[in-house]
Amino acid sequence: MAKKRRERREADGLSSAQEEAKANHDDPQVVKETQHTGGGSARMSLLILLAIFTGAASVMYLVYRNFPELNDDEMEKIKIPKDMDDAKALGTVLSKYKDTYFTQVLMAYFTTYVFLQTFAIPGSIFLSILSGYLFPFPLALFLVCMCSGLGASFCYMLSYVVGRPVVYKYLTERAQKWSQQVDKHRDHLINYIIFLRITPFLPNWFINITSPVINVPLGVFFLGTFLGVAPPSFVAINAGTTLYKLTTAGEAVSWNSLAVLGVLAVLSILPVCFQKKLQQKLE
C-alpha cells in the first residue's frame, strides 16, 4: 500500500514538472529571457572588441605624437590612403621627413599597417605600394611581410577571443566548407596557407577570422602568411618604385606579374602533389 502511494506521488511530481516546462516554453517572457541570455555573449564580444580597438587607436595616437611637427597642408595628407592620389600625397610628406626622422617614419608605417591588418580595414595595398617608394627593396619586402604576418595573427587572436559568435552566426556555411578543405590539407597546412595567400580564391579577412574557429594552429598560420604574402608584395613594392606614374592600384599588376604569381602558386602546392604520389607508390 505504501509502495503504491509513493509511486502515485512520483507520477504527480513528474506531471507537474512537465506542465511547468510546457508553460515556460509557451511563455513569451521566458523566451525573451532565453534570447537575452544568448545575445549576452555577442554583446560582451562587441564590448571587448571596442576596448581592444580603443587601445590600439591609442597606441597609434602615441606613435604619431612623436612624429615631427607638420604644417596644416601636410597634416591633411597624413591619413589612411583610400586611392592612389591619397597614397601619392602621403608619400610626398613621408619622403620629406624620412631621412631626418627615419625611425619615426618607420614606426608610423609599421603600426599603421599592422592596425589595418588587425581590424581588416581596407588600405594596406596602398601602403605596400608606398613601401617601395619609401624604403630600399629588401627592407620594404621584409617590412610588408612582417606587418602582414603580425596583423593577420592579431586578427586571428581577436577572432579567437571575440569573433566566434560572428562566425557561427553569419559565416557558418562558408566556414564549414573551408574547414573540410583544411582537414584535407591538415598534413601540409603551411603549403595550403601559402597557396591561399598567393591566390585570390578566399578573401584575406575571411581566412583571418575563421582560422582559429576551424583549429588552424597560430604558428602555421603566421608562417604561411609571412611567406605567402611575399610574391604579391614583391609586385606591389616593385610598382611603388614608380609611384607617381601610377593612377590606380590596378596598374601595379601587369600580365607578367600575374603569370609569375600563378607559377609561384603552383610551385607552393607541387611538394604536396609529389608527396601524395610517393605515398601512393609506397602503399
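This section reports on the structure supplied with the text. (Residues numbered from 1 in each chain as written. Predicted model: local features only at pLDDT ≥ 70, side-chain atom pairs only at ≥ 80, totals over all residues. Heavy atoms only, no water.)

Before going further, it helps to spend a moment on a nonpolar patch on the surface. On the surface, a nonpolar cluster with roughly 570 Å² of combined accessible area is contributed by Met 44, Leu 47, Ile 48, Ile 52, Tyr 160 and Val 161. Of all the secondary structure elements, the ones that give two or more residues to the nonpolar patch are helix 2 (28–65) and helix 7 (137–170). Examining the composition of the nonpolar patch, we find that four residues originate from one element, helix 2, more than from any other. (Patch = residues over 30% accessible without salt bridge, like charges linked within 9 Å, V, L, I, M, F, W, Y side chains within 5 Å. Areas by Shrake-Rupley, 256 points an atom, 1.4 Å probe, with all protein chains shown as cover. Salt bridge = Lys/Arg side-chain N within 4 Å of Asp/Glu carboxyl O. Helix = DSSP H or I, 4+ residues; strand = E, 2+ residues; numbered from the N terminus.)

Glancing now at the side chain of Thr 210. Along the chain, Thr 210 falls in helix 10 (residues 204–210). Apart from the residues lying within four places of it in its own chain, the contact partners of Thr 210 are Val 167, Leu 171, Ala 175 and Trp 178. (Contact = heavy atoms within 4.5 Å.)

For the rest of this paragraph, the subject is the pattern of salt bridges. Counted by the stated rule, this structure contains five salt bridges. Among the ionic pairs, Lys 77 bridges to Asp 73, the shortest N-O distance being 3.6 Å. Residue Lys 77 and its partner Asp 73 are located together in helix 3 (residues 72–77), separated by four residues, close to a single helical turn. Under the relative-accessibility criterion, Lys 77 is labelled partly exposed at 27%. A salt bridge links Arg 186 to Asp 183, with the nearest nitrogen and oxygen atoms 3.0 Å apart. On the basis of relative accessibility, which here comes to 45%, the residue Asp 183 falls in the partly exposed class. (Buried < 20%, exposed > 50% of the residue type's maximum accessible area, 1.4 Å probe, protein only.)

Right, let's talk about the packing of aromatic side chains for a bit. For any pair of aromatic rings, the description consists of the separation of the ring centres together with the inter-plane angle of the planes. This structure, assessed with the given rule, holds 14 aromatic pairs. Centroid distance Tyr 109 to Phe 135: 5.6 Å. Interplanar angle 80°. Geometry classified as edge-to-face. One end of the pair, Tyr 109, is in helix 5 (residues 102–118); the other, Phe 135, is in the loop between helix 6 (124–134) and helix 7, with 26 residues separating them in the sequence. Each member of the pair, Tyr 109 as well as Phe 135, is classed as buried. Between Phe 137 and Phe 234 the ring centres are 5.1 Å apart and the planes differ by 75°, which places this aromatic pair in the edge-to-face class. Here the residue Phe 137 occupies a position in helix 7, and Phe 234 occupies one in helix 12 (residues 230–240), the gap between them amounting to 97 residues. (Phe/Tyr/Trp six-rings, centres within 6.5 Å; stacked < 30°, edge-to-face > 60°.)

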